[in-house]
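The lines below spell out each chain.
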Amino acid sequence: MSKIETLKRMRKEYKAPDDVFEALLSQVEGQYIPKDPAIIHDAIYRLAQEQGFRELLKDFHFDTSGISPFSDLLDRVLFRLEISGILGTIEPKFERYVLSRRSKAELLETYREKFSPDEQEILRRMSAVFENYLRCAGGGKVVAERQC
């Protein structure tokens, strides 16, 4: 096997923190998420505390000494997603990220191959909880079966 084939295989098998967050975004039902780092960091921090989600979020470490949890890694992931165009803002106030259907569909297709069926189910559940955390933080409508 050539080095390039080995690298491709490793890239396909290795689940980087970016992959986990992108897979989470691919499952988000809505088209927008708040462009507020404190809200996003808090939501991922809370997810990482939940037993069923810890394994997939184990690379995200948070500093909780400030007003809200902060992860250097998550900050870099968000920056890379902005630079790559996966997360964009089109409104004048830049208050929300836009998750285009096309981007979400492309991410979903990529991560169907990378994550096992069990991990995909965990990501679906994690995404629903993530959206609920965002709604609670933003004061929006909360899914009936979930509480803030």
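All residue numbers here refer to positions counted from 1 along the written sequence of the relevant chain. Note on the predicted model: pLDDT of at least 70 is required for a residue's local features to be given, and 80 or more for side-chain atom pairs to be given and counted; whole-chain, interface and lining totals, by contrast, use all residues. The side-chain numbers reported here are obtained from all heavy atoms of the structure, hydrogens and water having been left aside.

1. As for the packing of helix α2 (residues 17-26) against helix α4 (residues 72-84)
Line of reasoning, step 1. Fitted lines through C-alpha atoms give the axes, limited to the stretch in contact for helices. The angle between two N-to-C directions lies from 0 to 180 degrees. Helix and strand definitions here come from DSSP, where helices need a minimum of 4 consecutive H or I residues and strands a minimum of 2 consecutive E residues; each element is numbered from the N-terminal end. At a minimum axis distance of 10 Å, the contact between α2 and α4 shows a crossing angle of 65°. Between α2 and α4 lies a crossing of right-handed hand. Contact residues: P17, D18, F21, E22 and L25 in α2; L73, L74, V77, L78, R80 and L81 in α4.
Line of reasoning, step 2. Grouping the constituent residues of the contact of α2 with α4 by class yields 8 nonpolar, no polar and 3 charged. Rotating anticlockwise by less than a right angle from the far helix to the near helix defines a left-handed crossing, while the corresponding clockwise rotation defines a right-handed one. Contact between two residues is taken to exist if any of their heavy atoms lie within 4.5 Å; hydrogens are not considered. Residues are grouped as follows: nonpolar covers Ala, Val, Leu, Ile, Met, Phe, Trp, Tyr, Cys and Pro; charged covers Asp, Glu, Lys and Arg; every other residue, Gly included, is treated as polar.

2. Some words on the layout of surface pockets
Line of reasoning, step 1. Any residue with an atom within 4 Å of a point lines the site, the site being either a cavity, points on a 1 Å grid over the protein atoms alone where a 1.4 Å probe fits but cannot get out, or a pocket, an open set with protein on both sides within 12 Å along at least 5 of 7 lines. Grid points are joined across faces, edges and corners, and a volume is the space filled by probe spheres set on the points. Its boundaries defined by the atoms lining it, the largest pocket holds a volume of some 200 Å³.
Line of reasoning, step 2. If you trace the largest pocket, you find it lined by R11, K12, A16, D18, D19, E22, T110, Y111, E113 and K114.
Line of reasoning, step 3. Its residues assigned to classes, the lining of the largest pocket shows 2 nonpolar, 1 polar and 7 charged.

3. Some remarks on the nonpolar core
The nonpolar side chains of a soluble globular protein tend to be buried with one another.
Line of reasoning, step 1. Buried Ala, Val, Leu, Ile, Met, Phe, Trp, Tyr and Cys residues form a nonpolar core when they are joined through side-chain atoms within 4.5 Å. Burial classes follow relative accessibility: with a 1.4 Å probe on protein chains only, a residue under 20% of its type's maximum area counts as buried, one over 50% as exposed, and anything between as partly exposed. Within the largest apolar cluster, 36 residues are counted, with the highest numbers of intra-cluster contacts made by F21, L25, I33, I44, L47, L57 and F130.
Line of reasoning, step 2. Broken down by secondary-structure element, the contributors of at least two residues to this core are α2, α3 (37-49), α4, α5 (101-114) and α6 (117-138).
Line of reasoning, step 3. When neighbours within four sequence positions are excluded, L25 is seen to be in contact with I33, L81, L87, L99, K104 and F130.

4. Overview of the pattern of salt bridges
Line of reasoning, step 1. When a carboxyl oxygen of Asp or Glu is within 4 Å of a side-chain nitrogen of Lys or Arg, the pair counts as a salt bridge. As enumerated under the stated definition, the model contains 9 salt bridges in all.
Line of reasoning, step 2. In this structure, the salt-bridge partner of E119 is K15, at a minimum N-O distance of 3.4 Å. Note that E119 is positioned in helix α6 and K15 in the loop between α1 (3-13) and α2, a separation of 104 residues in sequence.
Line of reasoning, step 3. Note on E119: relative accessible area 19%, which makes it buried.
Line of reasoning, step 4. A salt bridge links D42 to R46, with the shortest nitrogen-to-oxygen separation between them at 3.8 Å. Here the residue D42 and the residue R46 both occupy positions in helix α3, the gap between them amounting to 4 residues, near one helical turn.
Line of reasoning, step 5. Given a relative accessible area of 25%, D42 falls into the partly exposed group.
Line of reasoning, step 6. By relative accessible area, R46 is classed as partly exposed at 30%.

5. What to know about the confidence of the model for the chain
Fine structural detail should not be taken from predicted coordinates in areas where pLDDT scores are low.
Line of reasoning, step 1. Counting all residues, the mean pLDDT for the chain is 86, and 91% of those residues have values of 70 or more.
Line of reasoning, step 2. A score from 0 to 100, pLDDT tells how confident the predictor is in each residue. Here α1 stands out as the element of the chain with the lowest mean pLDDT, 76, in contrast to α3, whose mean of 95 is the highest.
Line of reasoning, step 3. Every residue in residues 139-146 scores below 50 in pLDDT, and together they form 11 contacts with partners more than four places removed in sequence or on other chains.

6. Quick word on the packing of aromatic side chains
Two numbers describe a pair of aromatic rings. These are the distance of the centres and the angle of the planes.
Line of reasoning, step 1. Pairing of aromatic side chains requires ring centres within 6.5 Å, counting the rings of Phe and Tyr and the six-membered ring of Trp. Pairs whose planes differ by under 30 degrees are stacked, by over 60 edge-to-face, and all others tilted. Per the counting criterion, the structure on display carries 3 aromatic pairs.
Line of reasoning, step 2. With centroids separated by 5.8 Å and ring planes inclined at 55°, the aromatic side chains of Y111 and F115 adopt a geometry described as tilted.
Line of reasoning, step 3. What makes Y111 buried here is its relative accessible area of 5%.
Line of reasoning, step 4. We call a charge positioned above a ring when the Lys NZ or Arg CZ atom is no farther than 6 Å from the ring centre and deviates by at most 35 degrees from the ring normal. Taking the ring centre of Y133 as reference, the NZ or CZ of R46 above it sits at 4.0 Å.

7. Considering the packing of α2 against α5
A pair of packed helices is captured by two measures, namely the crossing angle of their axes and the spacing between those axes.
Line of reasoning, step 1. Packing of α2 against α5 brings their axes to within 8 Å, and their N-to-C directions diverge by 125°. With respect to α5, the element α2 is oriented oblique. The two elements α2 and α5 meet at a crossing, and its hand is left-handed. Between α2 and α5, the residues in contact are D19, E22, A23, L25 and S26 and K104, L107, L108, Y111 and K114, respectively.
Line of reasoning, step 2. Grouping the constituent residues of the contact of α2 with α5 by class yields 5 nonpolar, 1 polar and 4 charged. Throughout, the term roughly parallel applies to angles under 35 degrees, roughly antiparallel to angles over 145, roughly perpendicular to angles from 65 to 115, and oblique to all others.

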